[in-house]
Amino acid sequence: MPATRIAGGDVPAFKRVTRRATGWGIALALAALPLAAEPAFAEEAPPSPAAAVHTADASTAGTTADASTARSTADAETDADTAAATPGVTHAQNPSVPDGAAWTEEYFPSSVPSNNGDPVELHADVLRPAGLAPGEKTPVIMSIGSYFSHSGMNDDTHPPHTGPSQRFTDLIDGAALMARGYTFVYVDLRGFGGSTGCIEWLGAGEQADVVSAVEWAARQPWSTGSVGLYGKSYDGSTGLVGVDLQPEGLKAVVAQEPAWSGYDYLITNGVSRQNQVDTPLAYLGIADLPGVDRAYHQDGYDIAPDTDRYMQNAAYETTHPECAQTLIAETKEMDRQSDFWRIRDLPANVNGSTVPLMFTQGLTEQNTKPESMQLFLADHAGEQRGWLGPWDHVRGNEVDPTGALQMGRAGWFDEVMAFYDAHLKQNTTQVSSSFFVQDNLGAWRVQDAWGTTDKTATVSLRPGSYLDTGRGTVTDDDDPGPANPGLLPDDSDPGPGGDPDGDGDPDGDGRTAEAPGSQDPGLGILTLSQPLRTDVRLTGTPAVELHTQGAGNVAVQLLDVSPDLSAVAINHSVARLSDDGVTRFGLLGMDWTLQAGHHLAVTVDTIDWGYWVPEPSGTEVVVTAGTVDLAVETTGADVPAEGARAPYLDQYLHYFTRDLPLPATAETFTLSAALGRIRTDATTVRAGDELVIAGAGYDPGAPVTLTWQGETVSTPTTDADGTFGATVRIPETAPPGVTTFTAVAEDGGLSTVEVEIVGAAIPSTPIPSTPNPTTPIPAPASPDAAVPAELARTGAPVDAIPALSAGAGLVVLLGASLLLLRRRTHRTSP
């Protein structure tokens, strides 16, 4: 069944299920549809293969092999020599076989029995380059998953004849695998296609299937022993299983849009999703797909039906009802720490694996979201190559109806094959990690790590309360007025009981539908930043901590707010509140640039949109304190990379932008990615002399507070390039010793510098008094007293201040010092 996505004709169906009439409500609930009635990683038919040329752009042109013009018996006879050299069925004999390949079927056991006790037999469709000598060895690229039934991927398409799956014909043809000398193998997980056993939702049995399949392929006489895994969605997740378990022979994994955790796909921090019920049912339907029981004798072809062995294996789930009963019962488990979910927690089981990984992840995905992705990557010690950006559930080579690449970047197959060639053919041990990232402005950059920054900004949330009704009714302790109204705007849906007396006040709280601010769509407790002085990128996985009183659920959102107060949702997640009153959880992985002049907003509320099936407590939840930790970085050091704007980005911005501007509310925090540093013109200074303190790496036009011994001594403002200079005089009576000056940035960031104070000089002869631009102030009565600034010099670029010399000068803050502002860590070989 094709996945529903935000596009054209999909939207009206979505609107029928939303509880709000606003575009904002539509956007937030939209993502529920692709998951609710579909398989967990809801797969569409693969992009149609192109001619077998080594280019990425052409991979989705043309028609599928099944729809291609049938080759005649006479054509088949011309391939007699090839067929004799390589056993198996060729494209000349079955149009479902990719051109240049020879197809055979194999069966082998899994190492772990089914959860009903039966032994498990796995089925494989093997595609070898036609024309090879029987003993000629090749490396193997393999996909292990649920979508390879001979009768269809998600449902029975009633194909005219049997044949291997078309799921990755785009790779086989687009990357010219057969001409390159690779074998491609599809392996059915237990319970799917031609394999026996009960399906498990990536449990211990399915994980054993991954190990068994890789090690089987590695020891075949036609294999070099080097195996790579390839997949998207569910069969991308089996690739992550391979990374975790590191079976013998596995050299590299390519995973497009995987689900990083089985738990996170069905449940979010203790809150059920609709697909917790629907997804297992959908996959049981896929497991029930039959083989092809009919022969095909047309167009010069003579194609037999699937074998009795395949047909019998394909019927395993339908003849073993205990399989469905077990899966449905076990996936109802809500505790992430239960045995059922711990085995399926792929990020927790990476354990420093060194298997090289190449992956893609749509950061605006509406299907397999970037949940727990950073946890997986952080504990993975092998090479990492990633494509990340604002796209939906698509492949690296996939194009839209206009022919535009869905991810916006060309060369997918080129990079995939360079990755496989290095690890499967050359057996390199070199680690060369790289990430190509497209941001919300459509710009591509390349870097050697993702989500790791030198600065974490902690946002303190406003206290307040909300009613956990699932309707967004809120109050705000700081400002209970129109900025945070307590009534949802959708008057057509006043909630349980309706509006019995017809006065427009359905809940009897004295506020009618026409009350000031009542058109605010249930933002909840709103925390808003001051306008940003410069661009700030939010990356990695934000972490939330809430201190609450009361029971129920919570939803947290991040919004990018323009100067006109229009807002787009950029991140979100939900959680069941912890019984101990302290709830911690992560939002989605993200990469979003907030532009200068924009605000960041954070909302805390009941769950009243999209995805989830919460059980509201119906009671008040009081938020006494809360924080959101954000990995932030500047954008000035970005290294541009080739690539175009992903078409889905504009769809996302359209559907996830609020119809109404944010209400006016207090701006309670400053967000900055700057890593300001200070230095002095001398490491030693005499009491009574001047000291020049200079700073660089601050936001432009920002105030900086200089302190000494706990008291403010100067308040310079930075120049347009984020630098400042200030002069202070050390009191003559200052005690000798090492002392510390501190610079406090606008967002609270600290930088310190140490200076040694030595005794004042005693002149041998009197020195006539001369005018001094810095008038000394009285010395403090004790060493702990403050030293105010005598003269602040602001607006002086660091590189314009004289260098340190025999006289009183300033150590120039060279541009190289800005290396302190580095934003990335370099991944080295483990």
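Residues numbered from 1 in each chain as written. Predicted model: local features only at pLDDT ≥ 70, side-chain atom pairs only at ≥ 80, totals over all residues. Heavy atoms only, no water.

Glancing now at the overall build of the protein. For the protein, the count of helices and strands is 18 helices and 33 strands. Relative to its full complement of 830 residues, the protein shows a buried share of 57%. (Helix = DSSP H or I, 4+ residues; strand = E, 2+ residues; numbered from the N terminus. Buried < 20%, exposed > 50% of the residue type's maximum accessible area, 1.4 Å probe, protein only.)

Right, let's get into the sheet that holds strand β25 (residues 667–669). Pairing within the open sheet is mixed, and its five strands lie in the order β20-β19-β23-β17-β25. This sheet does not close on itself; its edge strands, each paired only once, are β20 (567–576) and β25. Averaged over neighbouring strand pairs, the angle between their axes works out to 30° when direction is ignored. Here two bridges tie strand β17 (residues 525–529) to β25, and the two strands are oriented parallel to one another. Considered in β25, the bridge of Leu-528 is made with Glu-667. (Pairing = 2+ DSSP bridges. Axes fitted to C-alpha atoms, helices over the stretch in contact; angles between N-to-C directions.)

What follows deals with the pattern of salt bridges. For the coordinates displayed, the defined rule picks out 21 salt bridges. A salt bridge links Glu-121 to Arg-309, with the shortest nitrogen-to-oxygen separation between them at 2.4 Å. With a gap of 188 residues between them, Glu-121 in strand β3 (residues 121–129) and Arg-309 in helix α12 (residues 308–314) connect regions that are remote in the sequence. For Glu-121, a relative accessible area of 21% puts it in the partly exposed group. (Salt bridge = Lys/Arg side-chain N within 4 Å of Asp/Glu carboxyl O.)

A separate point is the state of the cysteines. Counting across every chain of the model gives one disulfide. The residue that forms a disulfide with Cys-198 is Cys-323, at a sulfur-sulfur distance of 1.9 Å. Its torsion about the S-S bond being -60°, the disulfide of Cys-198 and Cys-323 is classed as left-handed. Of the two residues, Cys-198 is situated in the loop between β5 (183–188) and α8 (204–218) and Cys-323 in helix α14 (residues 322–330); the sequence distance between them amounts to 125 residues. Look at Cys-198 and you get buried, because its relative accessible area is 0%. Look at Cys-323 and you get buried, because its relative accessible area is 1%. (Disulfide = S-S within 2.5 Å.)

Quick look at the confidence of the model for the protein now. Averaged over all residues, the pLDDT of the protein equals 81, while 75% of them reach at least 70. Confidence over residues 472–520 falls short of pLDDT 50; this stretch has 93 contacts with residues more than four positions distant or in other chains. (pLDDT = per-residue confidence, 0-100. Contact = heavy atoms within 4.5 Å.)

In this section: the packing of aromatic side chains. Following the criterion strictly, the structure yields 26 aromatic pairs and no others. An aromatic cluster is present here, built from Tyr-147, Phe-192, Trp-201, Tyr-234, Tyr-265 and Tyr-283 joined pairwise through their rings. The residue whose ring lies beneath Arg-309 is Tyr-107, and the NZ or CZ to ring-centre distance is 4.1 Å. Cation over ring: Arg-409 sits above Trp-444, and NZ or CZ is 5.9 Å from the ring centre. (Phe/Tyr/Trp six-rings, centres within 6.5 Å; stacked < 30°, edge-to-face > 60°. Lys NZ or Arg CZ within 6 Å of the ring centre and 35° of its normal.)

With their axes 9 Å apart at the nearest point, α8 and helix α9 (residues 234–245) run at an angle of 75° to one another. As the angle between them shows, α8 and α9 are arranged roughly perpendicular. The segment α8 lies against α9, with Glu-206, Gln-207, Val-210 and Val-211 engaging Tyr-234, Thr-238, Val-241, Gly-242 and Leu-245. The class makeup of the residues in the contact of α8 with α9 is five nonpolar, three polar and one charged. (Parallel < 35°, antiparallel > 145°, perpendicular 65-115°, else oblique. Nonpolar A, V, L, I, M, F, W, Y, C, P; charged D, E, K, R; others polar.)

Our next topic: the sheet that holds strand β33 (residues 750–758). The sheet built from five strands is open, its strands ordered β27-β33-β32-β29-β30 with mixed pairing. A single partner strand is all that each edge strand has here, and the edge strands are β27 (684–686) and β30 (711–714). The average undirected angle you get between the axes of adjacent strands in this sheet is 40°. When β27 meets β33, the two strands line up parallel, connected through three bridges.

Let us look at helix α11 (residues 275–287). With 13 residues, α11 extends 17 Å between its outermost C-alpha atoms, agreeing within 8% with the 18 Å of an ideal straight helix rising 1.5 Å per residue. Within α11 the residues assigned to the buried category are Asn-275, Gln-276, Thr-279, Pro-280, Ala-282, Tyr-283, Leu-284, Ile-286 and Ala-287. (Expected span 1.5 Å × (residues − 1).)

Excluding glycine, residues mostly have negative phi values, and the peptide bonds linking residues are mostly trans. The phi torsion at His-158 lies on the positive side, around 50°, for a residue other than glycine. Within the secondary structure, His-158 sits in the loop between β4 (138–145) and α6 (169–174).

Bringing the packing of α11 against α14 into the picture now. Following both chains from N to C, one finds α11 and α14 inclined at 160°, their axes separated by 9 Å at the closest point. On the basis of their axis angle, the class for α11 and α14 is roughly antiparallel. Read as a crossing pair, α11 and α14 show a hand that is right-handed. Contacts from Pro-280, Leu-281 and Leu-284 of α11 reach α14 at Ala-324, Leu-327 and Ile-328. Of the residues assigned to the contact of α11 with α14, the class counts are six nonpolar, no polar and no charged. (Left-handed = near helix turned anticlockwise from the far one by under 90°.)

Right, let's get into the side chain of Asp-306. Relative to the elements of secondary structure, Asp-306 occurs in the loop between α11 and α12. Buried charged residue Asp-306 carries no salt bridge. Nearest counter-charge: Arg-294, at 8.1 Å. A polar contact is formed between the side chain of Asp-306 and the side chain of His-150, at a distance of 2.7 Å. Reaching out from Asp-306, the side chain makes a polar contact with the backbone nitrogen of Val-292 at a distance of 2.8 Å. With sequence-adjacent residues up to four places away left out, Asp-306 is seen in contact with His-150, Thr-162, Gly-291, Val-292 and Met-311. (Lys, Arg positive; Asp, Glu negative; His and termini not counted. Polar contact = N/O pair within 3.5 Å; in protein donor to acceptor, adjacent residues only side chain to side chain.)

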